[in-house]
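Here are the chains, one letter per residue:
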Protein chains: 2
Amino acid sequence: MQHTKAGEPQILIDLSTAIIGTDAGTLQCRLVDDGDDAQPRRLPFGPFVPDQHRTMEIGLRQWVGEQVGVELGHVEQLYTFADRGRQHTTPGAPHVVSVGYLALTNQTGRQTRAWRDIYSFFPWEDWREGEPSMLADIIYPALDSWLAQHSERRESARLAFGRDGLAWGEEYVLERYELLYEAGLVAEAFADGRENAAPTPAVPGEPLQLDHRRILATAVGRLRAKLKYRPVIFDLMPLTFTLTQLQHTAETVLGVGLHKQNFRRLVEKSGFVEATGKMSKSRGRPAELFRFRHQERSERPLAGLRVSPGRLRPSDPSP
Amino acid sequence: MQHTKAGEPQILIDLSTAIIGTDAGTLQCRLVDDGDDAQPRRLPFGPFVPDQHRTMEIGLRQWVGEQVGVELGHVEQLYTFADRGRQHTTPGAPHVVSVGYLALTNQTGRQTRAWRDIYSFFPWEDWREGEPSMLADIIYPALDSWLAQHSERRESARLAFGRDGLAWGEEYVLERYELLYEAGLVAEAFADGRENAAPTPAVPGEPLQLDHRRILATAVGRLRAKLKYRPVIFDLMPLTFTLTQLQHTAETVLGVGLHKQNFRRLVEKSGFVEATGKMSKSRGRPAELFRFRHQERSERPLAGLRVSPGRLRPSDPSP
DNA sequence: CCATTTATGCTCAAATTGAGTATAATATCA
DNA sequence: TGATATTATACTCAATTTGAGCATAAATGG
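Note that the structure is a prediction, hence the values are computed from the model and not measured.

Caption draft 1: Fine view of the overall build of chain A. Regarding its fold elements, chain A presents nine helices and nine strands. Put simply, chain A has 319 residues, and 54% of those count as buried. Restricting the contact set of chain A to residue pairs at least 6 apart, pairs at least 24 apart contribute 66%.

Caption draft 2: Region of interest: the packing of helix 3 (residues 154–161) of chain B against helix 4 (residues 173–182) of chain B. Residues and elements named next belong to chain B. As a packed pair, helix 3 and helix 4 sit with axes 9 Å apart at the nearest point and diverge in direction by 135°. One finds that helix 3 runs oblique with respect to helix 4. Two packed elements cross with a definite hand, and for helix 3 against helix 4 that hand is left-handed. Of the residues in helix 4, those touching helix 3 at Ser-156, Ala-157, Ala-160 and Phe-161 are Glu-175, Arg-176, Leu-179 and Leu-180. Among the residues forming the contact of helix 3 with helix 4, the class breakdown is five nonpolar, one polar and two charged.

Caption draft 3: How the structure looks around the sheet that holds strand 8 (residues 273–280) of chain B. If you trace the three strands from one edge of the open sheet to the other, you get 7-9-8 (chain B), paired in antiparallel fashion. If you trace the sheet from one side to the other, it starts and ends with strand 7 (240–241) and strand 8 of chain B, each paired once.

Caption draft 4: Region of the structure containing the packing of aromatic side chains. Residues and elements named next belong to chain A. Counted by the stated rule, this structure contains 20 aromatic pairs over all chains. Both rings, one in Phe-122 and one in Tyr-177, keep their centres 6.1 Å apart while their planes meet at 90°; by these two values the pair is edge-to-face. Of this pair, Phe-122 sits in the loop between strand 6 (115–117) and helix 2 (133–149) while Tyr-177 sits in helix 4 (residues 173–182), placing them 55 residues apart in sequence. Of the two residues, Phe-122 and Tyr-177, neither departs from the other in class, the shared state being buried. Aromatic ring contacts, followed pair by pair, group Trp-127, Tyr-140, Phe-161 and Trp-168 into a single cluster. Positioned above the aromatic ring of Tyr-140 is the side chain of Arg-163, whose terminal nitrogen or guanidinium carbon lies 4.0 Å from the ring centre. The ring of Trp-168 carries Arg-176 above its face, with NZ or CZ at 3.7 Å from the centroid.

Caption draft 5: Representation of helix 3 of chain B in the model. Here helix 3 of chain B has its buried residues at B:Ala157, B:Arg158, B:Ala160 and B:Phe161. Taken from the residues just after helix 3 of chain B, B:Gly162 is the one with a positive phi, measuring 60°.

Caption draft 6: Region of the structure containing the sheet that holds strand 9 (residues 287–292) of chain A. Residue and element names in this part refer to chain A. Reading across from one edge, 7-9-8 is the order of the three strands in this open sheet, with antiparallel pairing throughout. Where the open sheet ends on each side, the last strands, each with one partner, are strand 7 (240–241) and strand 8 (273–280). In terms of strand pairing, strand 7 meets strand 9 through two bridges, oriented antiparallel. Bridge assignment links Phe-241 to a residue of strand 9, and that residue is Phe-290.

Caption draft 7: Representation of the pairing of strand 9 of chain A in the model. Residues and elements named next belong to chain A. Here five bridges tie strand 8 to strand 9, and the two strands are oriented antiparallel to one another. Its bridge partner being in strand 9, Ser-280 is matched across the sheet by Ala-287. If you look at the hairpin formed by strand 8 and strand 9, you'll find six residues sitting between the two strands.

Caption draft 8: Fine view of unusual backbone geometry. With a phi close to 50°, A:Leu210 is a non-glycine residue in the positive phi region. One can find A:Leu210 in the loop between helix 5 (187–191) and helix 6 (212–226).

Caption draft 9: Structural view of the pattern of salt bridges. All told, the structure shown has 48 salt bridges over all chains when counted by the stated rule. Notably, a salt bridge pairs A:Asp83 with A:Arg214, separated by 2.8 Å at the nearest N-O pair. One end of the pair, A:Asp83, is in the loop between strand 4 (75–81) and strand 5 (95–104); the other, A:Arg214, is in helix 6, with 131 residues separating them in the sequence. In this structure, B:Arg213 engages B:Glu188 in a salt bridge whose closest nitrogen and oxygen atoms are separated by 2.7 Å. Here B:Glu188 lies in helix 5 (residues 187–191) and B:Arg213 lies in helix 6 (residues 212–226), a separation of 25 residues in the sequence. Like B:Arg213, the residue B:Glu188 is buried in the burial classification. The network of salt bridges with common partners includes A:Asp83, A:Arg86, A:Glu178, A:Asp192 and A:Arg214.

Caption draft 10: Up close: helix 1 (residues 56–67) of chain A. The terminal C-alpha atoms of helix 1 of chain A, which comprises 12 residues, lie 16 Å apart, in line with the 16 Å expected from a rise of 1.5 Å per residue. Listed as buried for helix 1 of chain A are A:Met56, A:Gly59, A:Leu60, A:Trp63, A:Val64 and A:Gln67. Angular distribution of buried residues about the axis of helix 1 of chain A spans 130°; they occupy a single face of the element. Looking at the buried side of helix 1 of chain A, the elements it contacts are strand 1 (11–23), strand 3 (45–47), strand 4 and strand 5 of chain A together with strand 4 (75–81) of chain B. Positive phi shows up at A:Gly69, right after helix 1 of chain A, with a value of about 55°.

About the criteria used
Residues numbered from 1 in each chain as written. Chains lettered and ligands numbered in written order. Predicted model: local features only at pLDDT ≥ 70, side-chain atom pairs only at ≥ 80, totals over all residues. Heavy atoms only, no water. Helix = DSSP H or I, 4+ residues; strand = E, 2+ residues; numbered from the N terminus. Buried < 20%, exposed > 50% of the residue type's maximum accessible area, 1.4 Å probe, protein only. Contact = heavy atoms within 4.5 Å. Axes fitted to C-alpha atoms, helices over the stretch in contact; angles between N-to-C directions. Parallel < 35°, antiparallel > 145°, perpendicular 65-115°, else oblique. Left-handed = near helix turned anticlockwise from the far one by under 90°. Nonpolar A, V, L, I, M, F, W, Y, C, P; charged D, E, K, R; others polar. Pairing = 2+ DSSP bridges. Phe/Tyr/Trp six-rings, centres within 6.5 Å; stacked < 30°, edge-to-face > 60°. Lys NZ or Arg CZ within 6 Å of the ring centre and 35° of its normal. Salt bridge = Lys/Arg side-chain N within 4 Å of Asp/Glu carboxyl O. Expected span 1.5 Å × (residues − 1). Arc of directions from axis to C-beta.

What follows is the structure in C-alpha cells.
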C-alpha cells in the first residue's frame, strides 16, 4: 500500500459550479459579482472541506448558497481537472484540483449583471443563425497555421470542428475550447504562461478566471449531449410552458435550429409532457400550455429528447 | 476568495483504475495480487502526487505500470468519489478522495489469478442466459423489505432494476450496486460500519477492498453505455476478429444476448470494420476476418455500435 | 374583412429496426 | 463416403421512426 509521505505538497480541492439557465433565447450562466467595478469573471466556487462536507455535493451547495443563492434543480458532477499549470498556481502554494459541477435552474435572472450569456464566452458555438462567420474568418485560419506545426492534432481538430466533410457535433464544446487553448488562441493560454500564446487573444470570446471557462465548456458539452437521452431540459423550464417555448429552450442549449413540427411530434409522443388545458396568450394563435410529467422521468428513463437538428436551419425569432 | 485555512485535515487523492478486458466469454478485470494467500481484492491504485504527475492520467499510468504492467488502450476518467465513510478511513488520517478511471485492454490474461471475472462481483448483471434467478430469489425479497422502511427510494429501485413493467437497463450498474449498498445488502456496507448491514452479506457477489467495487460498477456501467455511441468495443478486440467474436464481446460486456443477423448488418453498415480477406478456421463454416478501420473512428464519431438487445435471448455458446 | 402571426394537424417517402427464413461452407462421425 | 451438426452469411418483410413539407386553425391589428 503506497500513500503520501509526509512533507509532500498539500492538495486542495475546489468545487466549482456552472449554473445554467435560459432566458429569452439566451443561454445563461450565473457568475459571482465580487462587488468591484470589474465584470464578474468567475463561477461560484470554494474548497471542499471534508470535516464540514459529508459529500462534495453538500460542499458545492454551501458555496453556491453563500455566493449566489440560486436554487438548483438537476446537479451533476462533470470532471476533475488536475493538470499542472491550468490554475495559475503560485509556486509553493498547495496544488489545486478542481472538481467541476453542472447545475440547472429554471430561475430566470436578468435582474443581476452576474447572469451572463454563455455564448459571449463561446461565440463560435451559436449556430442558430447559421455557421458563425468568425469560424471561417478568424478561427480556422489561426487554427490552421498552428496545425501546420502540429500535424498530430489534425484529426482531433477535424473531428472537433467538423471540418472537410464531417458534421458539426454540437456536443464537442470542450474539445473545441481545449484545442483553441492548446493552440494559444484564447486568453487563458496566455494567462497560464503558455509560450505560444499571444497577450491579445486571436479568437473572440470573453475569458474567465482560473480554469472556469474550461469547466463551463465541459458543462455546456455535457448538457448538450445529455439533452438527447435524458429529460434534463425540463429542469430549465418553468412549471408550465408551450411547446414552442420548449423548442426555443432546446435550440438555445444546442445552439442550432430545429424542425418545428417534428419537434412537436417527438415531444408529444415521448409522454414526458401533458396538457394543462390552459392556453398561453401571445401574438398569434394561442398555444396550449403543457407541464412536465414527473412520473415519466422514471418510466421512460432512456428516451429523453432525441432531437436531431437535421440540416441546420435558422431558428425562428424568439417571442 | 476562500481557501483552506492552515490546520485543516489534509486531503489525499487516490487514483484507482478498473482495467477491463474480455477472454473466452468472460468480462475480466485486472486486480493486484499482493502476493499473500488471500484472493486479490483491489484495483491497481496509488496517490496522485502533483510534483511527480503533471496530470492524473500520468499518475495512474505509473501505478498501473508498477502494479500490474498491463498495456492500456482507451483510458477515461469516471468519477470522483469523496463521501465520508466510504473508504474505511481511520480517524485522524487524511481524508481520501478517489478518482476512478476506466481503462480498456485487448490483452487477454488468463495467465494470472489476478484477472478476475467481473460477474463474480456482480452476478446479477449477467443476463446472457436470461434473468439470473438470484434476482427473484434473493435480491428482490431483501430489497423489498428494506424498501418497506424507505419508500422514498422506491422509484429509484424501480428504475435501477427495471421492475414492474420497466425494462432492465443494462447500463445502470452503479445505480443497482449503490442501492444494494444503501440497503446494507453487500459486504462493503458492513465493512464501512453502516448500521443496517449484516456481517454476512445477504446478496451473493464478492466484495473488494475500499470503494473498489463501487468504482468497478461505475466502470462497467460507463462501458456499457458508451458501447452504444462510441466505437470503444474495438479496444477490447485483437487486431483481426470475426463478426461473431465481435458480437460475443459485445454480449459479454452488455451482459445480454443479441440478434446475430442484425448485429452483423449493423456492424457492416457502420463502416467501422473492413474485411482482411483472410478466413478464420473453427468448427463450422469459416468466417471472414475483419479489422477495425482506425480512420473511421473520427469519420463517424457519433455512430458507435448502437446494439439493441431486442427481447432478451440466451446468447449462443462461446466457441 | 384582410393580412399577419403563431400553432397545430396531416401526408409521404426514405431509412431504420426487429424478427425471421433460406442457403452456404466447413468439420465430424457413423 | 455421405449424412449430420455447426457456424456463417444472404435476403425478406412488416412495423416503426425520421426528415421534410403542405395545409389549416385561431388569434391579433389594422
